[in-house]
Amino acid sequence: MYYYTKVMSQLFLDTPLSNDEKTNFKTLASMGDFWKFAEGPLLGGLYWDAWYNNKTLPENQSFIYYENLLLGVPRLRQLKVRNESCAIHEDLRDEIQDCYNMYSMGNEDTSPFGLLSGTAWTYAKEEDLNGSHHWGLITTYSGGGYYLDLSRTREKTAAKVKTLKENLWLDRGTRVVFIDFSVYNANINLFCVVRMVVEFPATGGTVTSWQFQTVKLIRYVSNFDYFVAACEIAFCLFILYYVVEEILEIRIHRLYYFRSLWNCLDILIIVLSLAAVVINIYQTSTVKAVLKYLLENQETFPNFERLTSLQIQFNNLAAVIVFFSWVKLFKFINFNKTMSQLSSTMSRCAKDVIGFAIMFFIIFLAYAQLAYLVFGTQVNDFSTFQACIFTQFRIILGDFDFAKIEEANRILGPIYFTTFVFFIFFILLNMFLAIINDTYSEVKADMAQQKSEMELADLIKKGCNKAMVKLRLKNTTVDDISESLRQAGGKLNFSELRQDLKGKGHTDAEIEAIFAKYDQDGDQELTEHEHQQMRDDLEKEREDLDLERSSLPRPVSGRSFPRSLDDSEEDDDEDSGHSSRRRGSSSSGVSYEEFQVLVRRVDRMEHSIGSIVSKIDAVIVKLEAMERAKLKRRDVLGRLLDGVTEDERLGRDNEIHREQMERLVREELERWESDDTVSQMSHRLGTPLGGNGQPRSRSSRPSSSQSIEGLEGAGSAGSHV
């Protein structure tokens, strides 16, 4: 398709107006240049009526490049604006009599002009021409206008063009001219619908644009086309199936269904696919009627505009559907830890990126507005506000023309460019990279600390191992464990078992589950009793495997003994026949190995909590002892103060007062020494004392809430001391 478009565009766009000048369609500058193009390169490109040896081709047929059939006849169409559609300042009305505004639907001229007869001189509505709006470089144009269908021969077409030129078909009110035609290449079964546009703005001069749309309107011709049709039917069936499935899921989950981004993406893909199917069916059914009418009326203009537009929309929908389908692969490759880093990084830094984007676009749009107001009238890259935005993105990527900016304004130009590069490129862009880099480092560190989960590679490896076991190309896990036990002889520690089974292709999760089941004392080593228990279970498991294999016509995997935490539900269902004897009636819930692991974790947790509570009890005992000592000190000091006061009141001798004080202090010291001795003995025996000095039993341990209240009370007492 690309080369077809390329050769057609080169023929009509790059051919010079004459041998003496280099002007082509792209560089037209006036209405005179347009008429030179219409009488020269346009007629020469449309009508190939002779070979290079001057041998004539069949009459009433034109094969461009001798391969591309010109369908029907070309069409010229123009749109005009009426005179006095703009206001002239009163000071200049004597000098300027006519005024033709820019094109708009309200300013469009629909009155007859020139020869006043024929379609070229009378206005035709958009509905009559079966046309549509066209988005030009300057503005949007309607599908109506003044049109002329050319002929199938060069001579007749040249005469019609000459008539238009001599009768001033183009005048000051003309704002746009369309040149439309279509060609078909049977060698590759492709249509090329061509539209060349020449806009005449109110400023004078011309602005040219073009569309060469290569499409495949006749869909099913070759065997490969019918294969594509079969694939399209299969695609429709899949879409129908997924529509029913998603409806059922929405019915079950209701609004909760739309909380998942992947579910919303599925709905979007289905909606776009249904739209693409409808467009394809409509286009396939309509193109036959258009071609039938064209073959019956070869002197008419073939209007493939709507069909081409539908085909372009279909291609765009297909591209978007394929894009979202590829994006959906992230849902499945998230099994891999490395692949999930991208989604985790983007979700974790979303808030920071949104905050940064607000700050970035405030500064970015401020610079865009500045550039539009300063350079908009002189530099094409800044001629519109939208162009300024895209130009600034190009500056960030290093694509800019500083010379034009400096030429437009020698003062503000360098200031704008320097400050924009400094703030946007050196500061804001590096801030954005820092946000992504820091978040990625955090995600990578978190994933390094996480335990490895079941990944896609592990799932594939697991399936391959199961297939090899079923085909008897690989030993079962039971055989591997039995061999490891025979080689170990007496005691077997975890490192030896892990190294042996790891070399035989077993995962760490499976090895840990096996060892944890029989390591009841948790010393990471199997004793003789634990060793014998594992042997007995292995023998029972082997008997179950042999019984199952003998009852089935094909070999079945006996891999049910070493159940890991990452085993899938499919493995549980497959192995439930022989593992239910070992697990009892727990087939509907947690497996036996998982239950044992959880029991050990709960035991360790209780042991840790008991140790913590014991330490809290010791702290409470010490705080209670401090409280008692504080009360004793307060009592002694009170008695001493009362004694001093009494002596002063009675006038006793100081010697007697000193002896009383020494006696009280000595009694208090002896009492403290006895308390310390009792506290040390209780600490050595490991029995904390209660509030009355009696040993506190383990069964009378206070609850956590009581312990916290005791701590708070002791803290408040200490603050008063």
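For the structure itself, consult the block above.
Residues numbered from 1 in each chain as written. Predicted model: local features only at pLDDT ≥ 70, side-chain atom pairs only at ≥ 80, totals over all residues. Heavy atoms only, no water.

Digging into the overall build of the protein
What the protein contains, in helices and strands, is 23 helices and ten strands. Scored against the burial criterion, the 721 residues of the protein give a buried share of 34%. Long-range contacts, defined as pairs at least 24 residues apart, comprise 63% of the intrachain contacts of the protein with a sequence gap of at least 6. Per element, the accessible surface of the protein, about 43700 Å² overall, is 58% carbon and sulfur. (Helix = DSSP H or I, 4+ residues; strand = E, 2+ residues; numbered from the N terminus. Buried < 20%, exposed > 50% of the residue type's maximum accessible area, 1.4 Å probe, protein only. Contact = heavy atoms within 4.5 Å. Areas by Shrake-Rupley, 256 points an atom, 1.4 Å probe, with all protein chains shown as cover.)

Focus: the environment of Tyr282
Its place among the elements puts Tyr282 in helix H6 (residues 261-296). Residue classification places Tyr282 among the partly exposed positions, given a relative accessible area of 47%. Sequence separation between Tyr282 and Leu307 is 25 residues; the distance between their C-alpha atoms is 9.3 Å.

A short note on helix H11 (residues 385-396)
The end-to-end C-alpha distance of H11, which contains twelve residues, comes to 17 Å, matching closely the 16 Å that a straight helix rising 1.5 Å per residue would cover. Buried within H11 we find Ala387, Cys388, Thr391, Gln392, Ile395 and Ile396. Elements that come into contact with the buried residues of H11 comprise helix H10 (350-375) and helix H13 (412-449). Of the residues one or two after H11, Gly398 is the one with positive phi, at around 95 degrees. (Expected span 1.5 Å × (residues − 1).)

Quick word on the packing of H10 against H11
Where H10 meets H11, the axes come as close as 9 Å, and the angle between the chain directions of the two elements is 115 degrees. Seen along the crossing, H10 lies across H11 with a hand that is right-handed. Mapping the contact onto sequence places Phe360, Phe361, Phe364, Leu365, Tyr367, Ala368, Gln369, Ala371 and Tyr372 in H10 and Phe385, Cys388, Ile389, Gln392, Phe393 and Ile396 in H11. Broken down by class, the residue content of the contact of H10 with H11 amounts to 13 nonpolar, two polar and no charged. (Axes fitted to C-alpha atoms, helices over the stretch in contact; angles between N-to-C directions. Left-handed = near helix turned anticlockwise from the far one by under 90°. Nonpolar A, V, L, I, M, F, W, Y, C, P; charged D, E, K, R; others polar.)

Thoughts on the environment of Leu240
Structurally, the position occupied by Leu240 is in helix H5 (residues 223-253). When the C-alpha atoms of Leu240 and Ile270 are compared, they prove to be 9.0 Å apart, with 30 residues separating the residues in sequence.

Some details on the pairing of strand S2 (residues 68-80)
Put simply, side chains in a regular strand alternate between the two faces of the sheet. Burial runs high along S2: twelve of the 13 residues are buried. With two bridges joining them, strand S1 (residues 63-64) and S2 adopt antiparallel strand pairing. Within the sheet, the bridge partner assigned to Phe63 lies in S2 and is Leu69. Following S1, the chain reverses through three residues before pairing antiparallel with S2; Tyr65 in that reversal takes a positive phi of roughly 60 degrees. Alignment of S2 against strand S6 (residues 174-185), held across nine bridges, turns out to be antiparallel. Within S6, the position partnered with Leu69 by the bridge is Tyr184. When S2 meets strand S5 (residues 146-149), the two strands line up antiparallel, connected through four bridges. Following the sheet pairing, Gln78 is matched in S5 by Tyr146. (Pairing = 2+ DSSP bridges.)

Remarks on the nonpolar core
Ranked by size, the top nonpolar core spans 41 residues in total, and within it Phe12, Trp169, Phe181 and Met196 carry the most contacts. Taken together, the elements giving at least two residues each to this core come down to helix H1 (2-13), helix H2 (31-46), S2, S5, helix H4 (154-166), S6 and strand S7 (190-199). Examining the composition of this core, we find that seven residues originate from one element, H2, more than from any other. In this structure Phe12 touches Phe25, Phe37, Leu42, Gly45, Leu46, Ile64, Phe181, Met196 and Phe212, once residues within four positions along its chain are discounted. Counting 22 residues, the second largest nonpolar core, distinct from the first, contains Ala368, Phe382, Ile405 and Tyr416. (Core = buried A, V, L, I, M, F, W, Y, C linked by side-chain atoms within 4.5 Å.)

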